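# Secondary and tertiary structure notes
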Amino acid sequence: MSLFSLSRELLLIILEELDPVSLLHFCKSSRYIHIIVVNYSTLLYRYELALSGMTDGISSFCSPRARLDPLLRHRKGWLTLNWTSEDRLCIPTPTIVGVSGRFLYHASESSYHGIFQWSLHIYELRSYRTPPVAKLQYCKFNLPFEIRKVAIDPVQNLLVLAELHFPSQDGPITASLHFLDMWTCQQHPQAQNLRFQFQTDWWGTLPPGHRISIERVQIYGIMVGLSVRLGVEEGEGTTELVLVNWHTGIDQRQRFTGDLLSFDILSESCLMVLSHPDEDEDDDSGESAASTWERGPDGLYLHERGKRSPQITIHHIVDDRRLCSAQVISYDLPESWKAISFLQICPNTSLKPNVTPPAGTFFHSDPSQRATVILVEFPSHSIPARCSKKMALVMKESFFQPPSLGDRSLPWEEWQNHCTVIHLPDDSHAFEVVGRKLVFFQSVSEENFVADSRSRLHVLDLNDHAAECLRSIAPLSSTWSWNEKWATASKIFKAGAAEFIKTSTTQVQSITWVGATEDAVILYNERDGQTVIRVLTFGTPQHTPHVP
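Residues numbered from 1 in each chain as written. Predicted model: local features only at pLDDT ≥ 70, side-chain atom pairs only at ≥ 80, totals over all residues. Heavy atoms only, no water.

What the protein contains, in helices and strands, is seven helices and 37 strands. Taking all 548 residues of the protein together, the buried fraction comes to 55%. Intrachain contacts of the protein at a sequence separation of at least 6 include 59% that bridge at least 24 residues. Carbon together with sulfur atoms contributes 50% to the accessible area of the protein, which is approximately 25,000 Å² in total. (Helix = DSSP H or I, 4+ residues; strand = E, 2+ residues; numbered from the N terminus. Buried < 20%, exposed > 50% of the residue type's maximum accessible area, 1.4 Å probe, protein only. Contact = heavy atoms within 4.5 Å. Areas by Shrake-Rupley, 256 points an atom, 1.4 Å probe, with all protein chains shown as cover.)

So, on to helix α2 (residues 20–29). Considered for burial, the residues of α2 that qualify are L23, L24, F26 and C27. Summarising the axial view, the buried residues of α2 lie within an arc of 165 degrees, below the 170-degree limit, and thus occupy one face. On its buried face, α2 is in contact with α1 (8–16), α3 (31–38) and α4 (41–52). Between the side-chain oxygen of the N-cap and the backbone nitrogen of V21 there are 3.1 Å, and the N-cap of α2 in question is D19. (Arc of directions from axis to C-beta. Polar contact = N/O pair within 3.5 Å; in protein donor to acceptor, adjacent residues only side chain to side chain.)

On to the packing of α2 against α4, then. Where α2 meets α4, the axes come as close as 8 Å, and the angle between the chain directions of the two elements is 95 degrees. Accordingly, the angle class assigned to the pair α2 and α4 is roughly perpendicular. The residues of α4 that touch α2, namely those facing P20, V21, L23, L24 and C27, are L43, R46, Y47, A50 and L51. Split by residue class, the contact of α2 with α4 holds nine nonpolar, no polar and one charged. (Axes fitted to C-alpha atoms, helices over the stretch in contact; angles between N-to-C directions. Parallel < 35°, antiparallel > 145°, perpendicular 65-115°, else oblique. Nonpolar A, V, L, I, M, F, W, Y, C, P; charged D, E, K, R; others polar.)

Turning our attention to α4. For α4, with twelve residues, the first-to-last C-alpha span of 16 Å sits near the 16 Å given by 1.5 Å per residue. Of all twelve residues in α4, nine are buried, a share of seventy percent or more. Here α4 has its buried residues at L43, L44, Y45, Y47, E48, L49, A50, L51 and S52. At the C-terminal side of α4, G53 shows a positive phi close to 75 degrees. (Expected span 1.5 Å × (residues − 1).)

Let's shift gears to the packing of α3 against α4. Between α3 and α4, whose axes approach to 7 Å, the crossing angle comes to 115 degrees. It follows from the interaxial angle that α3 and α4 lie roughly perpendicular. The segment α3 lies against α4, with H34, V37 and V38 engaging L43, L44 and Y47. Residues that form the contact of α3 with α4 fall into these classes: five nonpolar, one polar and no charged.

Now for the pairing of strand β28 (residues 428–434). The buried fraction of β28 amounts to six of the seven residues, a majority that puts the element mostly inside the structure. Of the strand pairs in this sheet, β28 and strand β29 (residues 437–444) are connected by five bridges, and their pairing is antiparallel. Following the sheet pairing, E432 is matched in β29 by V439. (Pairing = 2+ DSSP bridges.)

A few words now on unusual backbone geometry. Residue R386 is not a glycine yet carries a positive backbone phi of 65 degrees. Counting through the fold element by element, R386 comes out in the loop between β24 (371–377) and β25 (390–396). In this structure R386 comes out as exposed when scored by relative accessible area, which is 77%. Phi at D528 takes a positive value of approximately 55 degrees, unusual for a residue other than glycine. In this fold, D528 is placed in the loop between β36 (520–527) and β37 (530–537). By relative accessible area, D528 is classed as exposed at 72%.

Below, the structure is given as structure tokens:
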């Protein structure tokens, strides 16, 4: 008996049981099924979710019919870079500024009654994927130490602040993590200790030209990752990485060190480390040893050794929160890429698997479709054949699974088909990843226009169905032009066998940095001691929530 001989009522019962991705595939295989789906709002909403690379919220107060229009407008806003609302903030240029966990923050030193302290400002950002709120939240805290990095996890009400401590005499330089409640700035009730101190391998006073910085702080569940970098002249340096359980304040026994090193906590059992290992490195502990460093009377000196090709290593985090050195999978990048000058995992700001979205969220990026994006840059004189000076490697994060017992090493030829290589402009900067979107800006040089330099904003939509989404809102063309708040153009480009979308502005005001969330693009412009922050939010404003 053919499935299509069933009554429409029975087909609807079957279709209601399908998840969004299966429903999308079914529609693509049958025009008849597609006609049925587009005439039922509940099914159409699921279909459009899968087409957009989204998934439904866990507990939404709105019916599928009420969520369909916000979904389509959110998708179109990103595809055309046409925002719904703009919030501006103009402040004296702060020491640090950024976005974490759907909150904007900035911090700087201030004086209060002759006492110097650090002021931290936290602003909740708009979202049109949640029920409306009467007022966005704002907090200001004064702290007695210099804030070097901020990480926020609103689901756990967790605020992590990082600081550096330099000894007055010949002692170790330490990095501290403070585990705070984000609404009170007091010790988090689930943290057994207020702070965790990480003793670096660097001692004493740094010589001129040397600089220590907090590279990244990442929160995933009860784990916090911290990377600290010592930068030396001409871009050389070394990075140290440590993981800590913020509930107990206990760090992992194994630490990582490398001159080019980046990391991402993929899950509670899986850690990704990107590095550029040495040719003679043979360390079974799983730690990556950097080039040789020697302290002289006037500073640290780097002794270069031969390099292997860059490498991604996946480490298993076992139940007792100890990294098991015997459980490692290595993914080698091409042999011809030994001469890289920059290597980094680009942080993805969308929700990871098994992370609960904010209450009432209508929809959000599908965690199973999240992209891992690795940025690679070569020296101008050592660009390999068929490569560009700057490139992005794009993979599905789900491709990297926790290793089983024993080591495995995969050469590039065995896994390159899981990776999309995208060539980037040489003058592109500030890369941000949201789900499967890559956001960055490009400097635009114009003759006789130095006083007011311009920039070009780009969004690459790497969703598997992005081209189909674009064709659904405009007639078929080689280039789509949009003249709304910005003059923008969208174009389908091919990377391998896949089709993706690139949407670019013609020119906008000068951009110093770019941030991105699922709801907005954040533009920073620093000039004459002032920083102007523009938050451009996509979607449809909601009014009274609809009850199913």
